[in-house]
Structures are given as C-alpha cells and as structure tokens.
Amino acid sequence: MVKSTSKDAQDLFHSLRSAYSATPTNLKIIDLYVVFAVFTALIQVAYMALVGSFPFNSFLSGVLSCIGTAVLAVCLRIQVNKENKEFKDLAPERAFADFVLCNLVLHLVIINFLG
C-alpha cells in the first residue's frame with residue numbers, strides 16, 4: 001500500500017492553485033459569493049447551536065436562504081463559464097437575468113415561510 005506524504009498534498013495544492021489562477025475574474029467573483037453565502041449559513045448554524053433555536057422558522061429561513069442563494073450562484077457559474085459547451089448558446093445576460101429572477105422567487109418563498 002502506498003503512503004501519502006505531505007509532499008503529495010503540497011503538489012496537489014500547488015496544481016489546484018495554478019489551475020485556479022487561470023480562471024476568469026467573473027467566475028472568481030461568483031466563487032467568492034458562494035463561499036460567503038455558505039459561510040453565513042455556517043455562522044447561523046453555530047449561533048443556533050450556542051444560543052438556541054427559539055424562533056425556529058427564522059433559523060430555517062435564514063439558512064435556507066443562504067444555501068438556496070449559493071446553489072443558484074453555482075448554477076450561474078456553470079452557465080457563465082465559457083469552457084462549458086452545454087450553455088454555449090446562452091448569453092451571460094440571460095443567465096444573470098435567470099439568477100436574479102430565481103433569487104426573487106426564492107426570497108419571496110422565504111419571506112412567506114417566515115409568516
């Protein structure tokens with residue numbers, strides 16, 4: 001059995017970092033938005049674990065809003081990526097309009113869930 005070493009992990013990290021440096025800036029911005037949304041959801045879960053979940057609808061609405069927004073942003077990233085051949089006929093403006101409309105519907109449902 002082959003043992004993995006820290007050198008293998010460093011090589012993997014270096015190759016991922018060099019491949020990500022070639023990513024266009026607009027995709028990096030979307031990635032940052034996704035990380036922010038997931039981080040916000042994790043903070044809400046940690047807060048609920050420490051303080052309690054008295055208004056449970058509020059907790060669920062906040063977490064589902066963050067996770068839903070992150071999922072929609074990942075869909076936007078897939079559609080805007082130039083290397084993706086599946087959406088080559090889709091204009092980036094149309095993909096962004098779909099993202100905004102879906103976010104509007106998501107947040108209307110979240111606000112309705114709050115009561």
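A quick note: this is a predicted structure, and the numbers were derived from the prediction, not measured.

Now for the packing of aromatic side chains. If you walk through the whole model with that rule in mind, you get 3 aromatic pairs. Each ring, one from tyrosine 33 and one from phenylalanine 99, has its centre 6.4 Å from the other, and the planes form 80°; the classification is edge-to-face. Here tyrosine 33 is found in helix H2 (residues 25-51), whereas its partner phenylalanine 99 is found in helix H4 (residues 92-114), with 66 residues between them in sequence. A centroid spacing of 5.7 Å and a plane angle of 40° characterise the contact between phenylalanine 56 and phenylalanine 59, whose relative ring orientation is tilted. Remark: phenylalanine 59 and phenylalanine 56 occur in helix H3 (residues 56-80); sequence separation between them is 3 residues, near one turn of the helix. Look at phenylalanine 56 and you get partly exposed, because its relative accessible area is 40%. Each residue in the set Tyr33, Phe96 and Phe99 is aromatic and connected to the rest through ring pairs, giving one cluster.

The next subject is a nonpolar patch on the surface. On the surface, a nonpolar cluster with roughly 480 Å² of combined accessible area is contributed by Leu101, Leu104, Val105, Leu108 and Val109. Tracing the sequence through the fold places leucine 101 in helix H4.

Our next topic: the packing of H3 against H4. At a minimum axis separation of 10 Å, H3 and H4 run at an interaxial angle of 170°. It follows from the interaxial angle that H3 and H4 lie roughly antiparallel. Taken together, the residues of the contact of H3 with H4 break down into 14 nonpolar, 9 polar and no charged.

What follows is about the UniProt feature "transmembrane region" (unreviewed entry) in the protein. UniProt feature "transmembrane region" (unreviewed entry): in the numbering of this structure it lies at residues 30-50, 56-76 and 96-114. The span residues 30-50 carries 100% helix and 0% strand; its end-to-end C-alpha distance comes to 30 Å. Secondary structure content for residues 56-76 is 100% helix and 0% strand, and the end C-alpha separation is 30 Å.

Counted according to the given criterion, the structure contains 3 salt bridges. Aspartate 31 serves as the salt-bridge partner of arginine 77, at 2.5 Å between the closest nitrogen and oxygen. Of this pair, arginine 77 sits in helix H3 while aspartate 31 sits in helix H2, and the two are 46 residues apart along the sequence. Using a relative accessible area of 22% as the deciding quantity, one classes arginine 77 as partly exposed. Measuring nitrogen to oxygen at the nearest pair gives 3.3 Å for the salt bridge that ties aspartate 98 to arginine 94.

Calculation notes
- Residues numbered from 1 in each chain as written.
- Predicted model: local features only at pLDDT ≥ 70, side-chain atom pairs only at ≥ 80, totals over all residues.
- Heavy atoms only, no water.
- Phe/Tyr/Trp six-rings, centres within 6.5 Å; stacked < 30°, edge-to-face > 60°.
- Helix = DSSP H or I, 4+ residues; strand = E, 2+ residues; numbered from the N terminus.
- Buried < 20%, exposed > 50% of the residue type's maximum accessible area, 1.4 Å probe, protein only.
- Patch = residues over 30% accessible without salt bridge, like charges linked within 9 Å, V, L, I, M, F, W, Y side chains within 5 Å.
- Areas by Shrake-Rupley, 256 points an atom, 1.4 Å probe, with all protein chains shown as cover.
- Salt bridge = Lys/Arg side-chain N within 4 Å of Asp/Glu carboxyl O.
- Axes fitted to C-alpha atoms, helices over the stretch in contact; angles between N-to-C directions.
- Parallel < 35°, antiparallel > 145°, perpendicular 65-115°, else oblique.
- Nonpolar A, V, L, I, M, F, W, Y, C, P; charged D, E, K, R; others polar.
- UniProt positions renumbered as here; feature names shortened; annotations may be inferred.

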